Amino acid sequence: DVKVTQSSRYLVKRTGEKVFLECVQDMDHENMFWYRQDPGLGLRLIYFSYDVKMKEKGDIPEGYSVSREKKERFSLILESASTSQTSMYLCASSPAQEGTHGYTFGSGTRLTVV
Amino acid sequence: GDSVTQMEGPVTLSEEAFLTINCTYTATGYPSLFWYVQYPGEGLQLLLKATKADDKGSNKGFEATYRKETTSFHLEKGSVQVSDSAVYFCALSSTGFQKLVFGTGTRLLVSP
């Protein structure tokens, strides 16, 4: 069964901490994405990557960075966590061909910053 | 830019009722259209998709037809179950692009 695995289901971090959210996919997909999901706001794209070592900003990149050193792994980094970054974070992947495939999502990481 | 508009929720139904969740879109070209479902505490799962006009996507009793003339992709199910309670997202992928644009989601609550 193909999968996108997010390393933690729940995380609690303190304000100012550097936080790493990890995502691994086993489908050899070229594209990977990070979203955050908040009540009433839907899904908002933070960053995405079309290839190893390549990244592009999404709609809300401020306060975040990403790393993609290997094709299967896409990490989201909160440089200095703030309470406004308390949210559900969703990772997704898709193959490189034209967008008829859709995404495969991970189960999400619910991050609380205190 | 491209956008997806979904009906506001929650949609509250009794078991075995008929379900419609409306979705309309704005896009250039010929997008692919998707419905995703999110059960409580989980990530999103692809429910069904349609990649060209007049295609019908179907899965688990859910259906949606790609209507280019009305720019719509409404989700329907003839008889809902309590286990269908979830949030449903409509999404599109524009021609030649690999990013999905999501609607804000519609929560469905089904009572016994």
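In this text, all values refer to a predicted model and were calculated from it rather than measured experimentally.

(A) Here's a closer look at the overall build of chain B. The helix and strand inventory of chain B stands at zero helices and twelve strands. N-terminal to C-terminal, the α/β element order of chain B is β-β-β-β-β-β-β-β-β-β-β-β. Rg of the C-alpha trace for chain B: 13 Å, near the compact-globule value of 13 Å for 112 residues, within the 12% margin. With the principal axes as the frame, chain B shows a C-alpha extent of 45 × 25 × 20 Å. With 112 residues in all, chain B has 45% of them scored as buried. Put simply, 56% of the contacts in chain B that link residues at least 6 apart link residues at least 24 apart. Total accessible area on chain B stands at roughly 5300 Å², and carbon and sulfur atoms take up 50% of it. A gap of 7 Å separates the mean positions of the 9 positive and 11 negative side-chain charges of chain B.

(B) View of the pattern of salt bridges. Evaluated as defined, the whole model comprises eleven salt bridges over all chains. A salt bridge links Arg 44 of chain A to Asp 38 of chain A; the nearest nitrogen and oxygen atoms lie 2.8 Å apart. Residue Arg 44 of chain A is classed as partly exposed on the basis of its relative accessible area of 24%. A salt bridge links Lys 52 of chain B to Asp 55 of chain B, with the nearest nitrogen and oxygen atoms 3.4 Å apart. When salt bridges that share partners are traced, they join Asp 28, Glu 30 and Lys 71 of chain A into one network.

(C) Fine view of the sheet that holds strand 7 (residues 56–59) of chain B. All names here are of chain B. Read across the sheet, four strands follow the order 3-9-8-7 without closing on themselves; strand pairing throughout is antiparallel. At either margin of the open sheet sits one strand with a lone partner, and together these are strand 3 (19–21) and strand 7. The mean inter-strand angle of the sheet, taken between neighbouring strand axes irrespective of direction, is 20°.

(D) The environment of Asp 54 of chain B, seen in detail. All names here are of chain B. Note on placement: Asp 54 falls in the loop between strand 6 (44–50) and strand 7. Accessibility expressed as a relative area gives 54% for Asp 54, which makes it exposed. Sequence separation between Asp 54 and Leu 92 is 38 residues; the distance between their C-alpha atoms is 15 Å.

Calculation rules
Residues numbered from 1 in each chain as written. Chains lettered and ligands numbered in written order. Predicted model: local features only at pLDDT ≥ 70, side-chain atom pairs only at ≥ 80, totals over all residues. Heavy atoms only, no water. Helix = DSSP H or I, 4+ residues; strand = E, 2+ residues; numbered from the N terminus. Rg over C-alpha atoms; globule rule 2.2 N^0.38 Å. Buried < 20%, exposed > 50% of the residue type's maximum accessible area, 1.4 Å probe, protein only. Contact = heavy atoms within 4.5 Å. Areas by Shrake-Rupley, 256 points an atom, 1.4 Å probe, with all protein chains shown as cover. Lys, Arg positive; Asp, Glu negative; His and termini not counted. Charge placed at Lys NZ, Arg CZ, Asp CG, Glu CD. Salt bridge = Lys/Arg side-chain N within 4 Å of Asp/Glu carboxyl O. Pairing = 2+ DSSP bridges. Axes fitted to C-alpha atoms, helices over the stretch in contact; angles between N-to-C directions.

Read these as layout, nothing more, since geometry by itself doesn't imply function.
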